[in-house]
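Residue strings, one per chain:
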Amino acid sequence: MAKLMNEIRKSKPFDCREQEVFLNLMRTAEALAKGMDALLKPVGLSATQYNVLRILRGADARCDQTGLPCHEIGSRMVTRDPDITRLLDRMEKAGLIHRQRDTTDRRIIKTAITDAALRLLKDLDEPVLAMHRKQLSHLGQDKLQQLCELLETAREHAM
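The shown structure was predicted, so the numbers you read here are calculated from the model rather than taken from an experiment. (Residues numbered from 1 in each chain as written. Predicted model: local features only at pLDDT ≥ 70, side-chain atom pairs only at ≥ 80, totals over all residues. Heavy atoms only, no water.)

## Observations concerning helix 5 (residues 84-93)
Quick note on the threshold: Working definition: with a 1.4 Å probe on protein chains only, accessible area under 20% of the residue-type maximum means buried, over 50% means exposed, and in between means partly exposed. Starting at the N terminus, helices and strands are each numbered in turn, a helix being any DSSP run of H or I of at least four residues and a strand any DSSP run of E of at least two. What the arc covers is the set of directions going from the helix axis to the C-beta atoms. By definition, residues are in contact when any of their heavy atoms lie within 4.5 Å.
Every buried residue of helix 5 is accounted for by Ile84, Leu87, Leu88 and Met91. All buried residues of helix 5 project into a common sector of 95° when viewed along the axis, lining one side. Turned more than 90 degrees from where helix 5 packs its buried face, Arg86 and Lys93 sit exposed. Its buried side turned inward, helix 5 meets helix 3 (47-58), helix 4 (70-76), strand 2 (97-101) and strand 3 (109-113).

## Points about the environment of Glu20
For the record, the criterion: Polar contact criterion, stated in full: a pair of N or O atoms within 3.5 Å, where within protein one must be able to donate a hydrogen and the other to accept it, and residues adjacent in sequence count only if both atoms are side-chain atoms.
Following the sequence through the fold, Glu20 ends up in helix 2 (residues 17-40). Sequence-wise, Glu20 and Gly35 are 15 residues apart; in three dimensions their C-alpha atoms are separated by 23 Å. A distance of 2.8 Å separates a polar atom in the side chain of Glu20 from a polar atom in the side chain of Arg17.

## Considering the pairing of strand 3
To keep it simple, the criterion reads: In this analysis, strands are considered paired if DSSP registers two or more bridges between them.
The buried fraction of strand 3 amounts to four of the five residues, a majority that puts the element mostly inside the structure. Pairing of strand 2 with strand 3, which is carried by five bridges, proceeds in the antiparallel orientation. Of the residues in strand 3, the one forming a bridge with His98 is Ala112.

Structure follows, in structure tokens:
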């Protein structure tokens, strides 16, 4: 990766340091996402579907409980999906979630995670953690903490 960046700098310098950082962030996010995609593909999940399942599990939105409204899921997602309804349709068809109309406000449809999806997430928990460690542990805990703080500060000032 360093070699690529050196070649890019030689061919055309960046207009400003902020542009260089932005492009580095994009390239890094893409490189890290490839690992996640490779881990999820064999079990038939996309990163977006995995994100939805983690949101539902974290909210304890199980089929025997109330679930979360669609807009709430959308607001918690790491990356926004412009057509969350179709995403949830596919996930329901795959048996990962269950949806039902709210009993007090029929305009609201609540989404809950199925037991099968909970088992799938449980099976993925350790491999996902291992992948994150493999990708980033070489930075060490101090640099990881610093990177988290820098990224949070950048997000606070993003447009």
